[in-house]
Amino acid sequence: MRKIPIAKPLLGELEAKAAHDVILTGWVTQGPKVQEFEKDFCEYTGAKYAVAVSNCTTGLHLSLLVAGISCGDEVICPSMSYIATANCIRYTGAEPVFAEVGNDFNIDIEDVRKKITSKTKAILIVHQIGNPADIAAYQELCNAHNLKLIEDGACAIGSEYKGKKIGSHSELVCFSFHPRKVITTGDGGMITTNNKSYYTRLKHLRQHGMSINDQVRHTSKTVIIEEYLELGYNYRMTDIQAAVGIEQLKRLKDIIRERRRIAEMYNEAFKNSDSVEILDEGDKKYNYQSYSLLLTAKCPISRNGLMQELLDMGISTRRGIMTAHREKAYNAKTYSLPQSEFYSDHSILLPLYIPMDDADIASVIQSVKQFI
Ligand SMILES: *Cc1c(COP(=O)(O)O)cnc(C)c1O
């Protein structure tokens, strides 16, 4: 039986050679390649500054720290997201306050408004599975209440909002290069910012709070003794990862074009069905990090039933986006988030990867249609 996976990273000889070459230079952790990757990332996203980190979760942690979030504060975020969104808030000692999501799977601004209290310090929006949230509306809300806005753009590299790439709109945006995302460095992350003082502090924080980086010290003609300015972390990206990232970034335009082509075929196939709803990207441009279908009340098969039938046919799928508030790590508090629970429990992610040949796309479509 032919097996169709849910996802697979697009890595090849170019990435392998880039890693190989870095290893032979002898400079393997944060150094010239990280700097080059950051520069390329700024060019791609249109952001002023970029800071590479070990992954998106550590990037979010540092972003919350530079935004001034600490013990006793509240940060509003969706529960329906990967659990890292909520976890990084707790790392700072603050509490995540969960808001509902709307039918685009992004956080619902009316519910967010209701959840603002005197303890609220920031709103952490998520561009869910790469589909951009309404950044301008959140920026306005944050300005009105003197709150910080942070974007969890883990899945959103290459997606566009108001004609500009995610990463260029606000002061703190975080990306992931986990293999399940659109481009990968094994693990890895990036923070973009247009704020120079955030930029400087983020660079210190990712490297133990050190006043200068190894590259500066290494190339200096005079002796430099570094200082440790504040409590920092080891959240560095390696030069091996960055070299892979540079190659991945070169392919990104083609990757997004192909992901959108495959998603378009799915959209065409499912848009007229009463049993499922496709995700509407509206006037945004979505990178289709994942392809999600929502099963409606009219659907004759349960979500898990459909997943099992497809698995029996060799087609891997995943459940919809998880909810943090129903996990053991969070259930100390009771939340009423019926919409998030409904979307999480009734959606399914279909295979989407490159290269995915037309026969496999057709096979997924036919197999799903058989049951809905
Ligand atoms: C994947 C993901 C993360 C975590 O990214 P890592 O690079 O694995 O730390 C955070 N938030 C969202 C929404 C994600 O999808």
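Reading guide: rules and limits
Residues numbered from 1 in each chain as written. Predicted model: local features only at pLDDT ≥ 70, side-chain atom pairs only at ≥ 80, totals over all residues. Heavy atoms only, no water. Helix = DSSP H or I, 4+ residues; strand = E, 2+ residues; numbered from the N terminus. Buried < 20%, exposed > 50% of the residue type's maximum accessible area, 1.4 Å probe, protein only. Domains from an automatic or database assignment. Contact = heavy atoms within 4.5 Å. Buried area = accessible area lost by both parts, 1.4 Å probe. Pairing = 2+ DSSP bridges. Axes fitted to C-alpha atoms, helices over the stretch in contact; angles between N-to-C directions.

1. A word on unusual backbone geometry
Part 1 of the argument: Between isoleucine 354 and proline 355 the backbone carries a cis peptide bond, its omega angle lying at -5 degrees.
Part 2 of the argument: Within the secondary structure, proline 355 sits in the loop between strand 13 (347-350) and helix 12 (358-371).
Part 3 of the argument: A positive phi angle is found at lysine 162, which is not glycine, with a value near 50 degrees.
Part 4 of the argument: Tracing the sequence through the fold places lysine 162 in the loop between strand 6 (160-161) and strand 7 (164-165).
Part 5 of the argument: Given the relative accessible area of 64%, lysine 162 is considered exposed.

2. A closer look at the domain arrangement of the protein chain
Part 1 of the argument: By domain assignment, the protein chain separates into domain 1 (13-250) and domain 2 (252-371).
Part 2 of the argument: Summarising the inter-unit geometry, the C-alpha centres of domain 1 and domain 2 are found 26 Å apart.
Part 3 of the argument: On the side of domain 2, 34 residues touch domain 1, which itself brings 41 residues to the contact.
Part 4 of the argument: Here domain 1 meets domain 2 over a buried area of about 3,200 Å², counting both sides, of which 60% is carbon and sulfur.
Part 5 of the argument: Contact with domain 2 buries area across many residues of domain 1, yet Phe105, Ile129 and Val182 alone supply 20% of it, more than any other trio.

3. Topic: the sheet that holds strand 10 (residues 276-278)
Part 1 of the argument: With antiparallel pairing, the four strands of this open sheet are ordered in space as 10-11-13-12. In this open sheet, the two edge strands, each paired with only one partner strand, are strand 10 and strand 12 (318-319).
Part 2 of the argument: Note: strand 12 against strand 13, two bridges, orientation antiparallel. Bridge pairing in strand 13 links arginine 318 to leucine 349.
Part 3 of the argument: Contacting strand 10, strand 11 (291-295) and strand 13, helix 9 (residues 239-270) runs over the sheet at an angle of about 15 degrees to strand 11.

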